[in-house]
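Notes for the structure review
Chain by chain, the residues:
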Amino acid sequence: MKTQKDDIELICSVGELSDLFNEPRGVSAFLQKVVDTVSKHMHSDVCSIYLFNEKDRQLTLEATRGLNPELIGNLQLSLDEGLVGITLKRLHSILEQDGRESDFYKAIDNSGEETYKAFLAVPILRGLTRIGVLAVQHHKVGYFDKKDSRVLKAIASQLATTLENARMLTNMSRESTKPKQSQTDVHIVSGTAVGQGVARGRSFTLESNAPGKQYLRASSDNYLETHEDFKNALAQTEKQLKELQQHLDEELSDMASMIFSAHILMLKDESFSGEMENLIQLGTKPHTSVLQVVNRFVDIFSTADNSRLQEKVQDVKDLGHRLLLNLSPQEDQSGDYSGQVVIAQELLPSELIKLSAQKVEGLILFGGGASAHISILAASLGINLIYTDDERVLDLPEDLDIILDGNQGNIIIEPDEKTSLRFDELLQTQAKMAQLEEQVDEETRTACGRRIDLLASINLLSDIKSANRLKADGIGLYRSEFPFLIRNDFPTEEEQFRVYHNVTHDINRGFVTLRTLDIGGDKILSYVPEAQGDNPFLGLRALRFLLKNKKIFVGQLKAMLRAGEDCDLRIMFPLVSSLDDFLQAKTMVEKSMEFLDRDGLSYNAKPKLGVMIELPSAVFMVNELAMEADFMSIGTNDLVQYLLGVDRTNSSVASLFQGEHPAVLKAINQVVQASITHNCHLSMCGNLTKDKRLLYIFVGMGIKSFSVAPQRIPMMQAFIGGIDFKKAQQDAEEVLKLTTTEDVITFLEQRVP
Ligand code: PEP
Ligand code: MG
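Residues numbered from 1 in each chain as written. Chains lettered and ligands numbered in written order. Predicted model: local features only at pLDDT ≥ 70, side-chain atom pairs only at ≥ 80, totals over all residues. Heavy atoms only, no water.

Glancing now at the overall build of the chain. From N to C terminus, the chain includes 27 helices and 23 strands. Taking all contacts inside the chain whose residues are at least 6 apart in sequence as the whole, residues at least 24 apart take part in 67%. As presented, the chain carries roughly 32,400 Å² of accessible surface, and 48% of it is formed by carbon and sulfur atoms. (Helix = DSSP H or I, 4+ residues; strand = E, 2+ residues; numbered from the N terminus. Contact = heavy atoms within 4.5 Å. Areas by Shrake-Rupley, 256 points an atom, 1.4 Å probe, with all protein chains shown as cover.)

Here you go:
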């Protein structure tokens, strides 16, 4: 009977309930007290509280009087599920004479609610933040009315703050106690892939900004326990690190230079392994002492003012990961990341190299967008990498089965059997692609026999092996900044000479184009603060940086001139914005030659000097530049970025980075025309040629030389082999008349073979 409901008294009692939270009774006891009190005063058969978890966007039944108590903590509803879900989705109360008649009714097995008809639920909100749902049910149809709804809303609003705290506590305690597999309802996360490979491994979070998540966590319940075990793990770790360093020195002679030195030093430090020893002697288990000391270092480094110290957070976690693995009982322990997909927020080039050396299966990076140099480096190292803006990846528990599907840019978490099978097929396709790689011809020609040069873009010395194997016609771009990027200081002229000497001598055929330093933008050297600052892409980048730092410029030019003594050497300047820039750069080359003469060192006295066309200003000055330069190269990554004003590393504007934009096509055509008029050799580099439709148009415009990642040569050769040049030429002429991007896209879809 309605008269039995004592609403006013109820509201007062609930006001008092808030105080109960301070008693040491625990969250669930408090919530239970709330539902008991509400149902008692409303004489309802059922009263339940559901709390909402923003991360997984699920409501969980946290307390109930009247429903099966076994469902507490186990019944989860999305915002589209049931009357309860819809209440929170729509943010207003739902009052049903008979809930079972509603379109949104969802029967819950074993809930015991079959006999309850009348239904009333109100959202619990703090402002617009969803906290949960308070729901009552009664066996009599139409038992609740609008007044009840107002009262229940008042209760919900009084309790909102307290329930928000309760929610935080239940979420936290659930995080630490939930079995691993049920910790996530995320199954597919989309992102942007670097490369098109597929990889699979177990999740391991290397870096996260989420509270508490930046710490190293144990990924097993089973570690070796004695002091002796710890000593063995320490010795094993040191041995592995030394081997890794040696291996890197051999494989990546340009980059490696003591890249694991910080690890080795730290490992031996009294405050690190010594402190672990102390803890063990005081009775702490070895793996716990590793965690304690590592996480103390994580705290110290992550809160340091000095950015160089902050960068050490990953080193110390990486070392902790290795120590823990070496404390695991499995045999054949390598301490590596083989079989693991590492999740991180941001990576430095040196960290990427370390992960690659430690055989990481794949990488997931959370954050703003594909930082160009990390993507380029990952591609060179053959690492499967997916960037995502979906921060849920940072909350993934350790040791989940993860597939990185580079073809679709998807991260698949805990795949079902069907997906696993599909993944196997993808792997087979990958193997077939590798076979196709081997079938590469000496020369690339269009169907009608026009010769096209496919040059290699080289980032690491190790890329040269692929370039030779895949019969690159020469080196169209050597990005000299990579050896600089992973170090803590500038390599000396002599060190640079050794690296460039390998580049010029290891390539089997064709000319070698060494590009001078392109730092700034997203390629920041921690030891060069001037290249940082707001808008780094518009700051002291590339040639601008070198023209301001002439000593560094001359050092690099001298090393390049010496290394190219007996080869067809080209030196190329990035981000040339004017004829003045180029003339100044030429003067610097002359000066460098004078220094070399003075030092009595031999060098290439007739290198070809070229400009990269990457800025709109260079396009406007292209005739003048073509008259002055020996060659030109269109850097499509930057040209599109600066022409369209779209940050190449910002994934939120990635859809605006359009090579089909008529302005891009017209600019490129202008460069082609200037190169023909002034007989200045032209090639094109950057990612735009990854799009076959655009590649077709560029061939049609008359470009005869492309510089690409060596792995792309076979596919490009096969595609170019199918192009009829005359037809491509006509299509290029037509496409240049189009005035909207949409028309260009439609045209390309219709015309390109
Ligand atoms: C480009 O801008 O297209 C290019 C090849 O240079 P990078 O990607 O190194 O800036
Ligand atoms: Mg560029």
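Here the narrative resumes.
Below, the discussion takes up the confidence of the model for the chain. Residues at a pLDDT of 70 or more form 88% of the chain, whose mean pLDDT is 86. Note on residues 176–184: pLDDT under 50 across the span, and 15 contacts to partners over four residues away in sequence or across chains. (pLDDT = per-residue confidence, 0-100.)

Our focus in this paragraph is the coordination of the magnesium ion (ligand 2). Of the protein atoms, only Glu614 (OE) and Asp638 (OD) coordinate the magnesium ion (ligand 2), at distances of 2.0 Å. A residue pair is termed long-range when its members are at least 10 positions apart, and Glu614 in the loop between strand E20 (608–613) and helix H20 (616–620) and Asp638 in helix H22 (residues 636–644) qualify at 24 residues. For the residue pair Glu614 and Asp638, the accessibility class agrees, reading buried in each case. (Donors = N, O, S within 2.8 Å, 3.2 Å for Na, K, Ca; no water. Buried < 20%, exposed > 50% of the residue type's maximum accessible area, 1.4 Å probe, protein only.)

Looking at ligand 1, there are 15 residues lining it, with Arg479, Arg515, Glu614, Asn637 and Arg648 nearest. Arg479 is positioned such that a nitrogen or oxygen atom in its side chain is 2.7 Å from an oxygen atom of ligand 1. A distance of 3.0 Å separates an oxygen atom of ligand 1 from a polar backbone atom of Thr636. The protein chains hide 100% of the 280 Å² of surface that ligand 1 would expose on its own. Elements with a minimum of two residues in the shell around ligand 1: strand E17 (475–479) and H22. For the shell around ligand 1, the element with the highest residue contribution is H22, accounting for three residues. Tallied by class, residues from the shell around ligand 1 come to three nonpolar, four polar and eight charged. (Near = heavy atom within 4 Å. Polar contact = N/O pair within 3.5 Å; in protein donor to acceptor, adjacent residues only side chain to side chain. Nonpolar A, V, L, I, M, F, W, Y, C, P; charged D, E, K, R; others polar.)

So, on to helix H14 (residues 462–469). All of the buried residues along H14 are Asp463, Ile464, Ser466 and Ala467. Viewed along the axis of H14, the buried residues span an arc of 160°, placing them on a single side of the element. At the exit of H14 stands Lys471, carrying a positive phi of roughly 60°. (Arc of directions from axis to C-beta.)

Attention shifts here to the packing of aromatic side chains. Throughout the structure, instances matching the rule amount to seven aromatic pairs. Taking the centre distance of 5.0 Å and the plane angle of 80° together, the rings of Tyr143 and Phe144 count as edge-to-face. For the pair Tyr143 and Phe144, one class covers both residues: buried. An aromatic cluster of three or more residues is present, and its members are Phe272, Phe297 and Phe301. Positioned above the aromatic ring of Phe511 is the side chain of Arg570, whose terminal nitrogen or guanidinium carbon lies 3.8 Å from the ring centre. (Phe/Tyr/Trp six-rings, centres within 6.5 Å; stacked < 30°, edge-to-face > 60°. Lys NZ or Arg CZ within 6 Å of the ring centre and 35° of its normal.)

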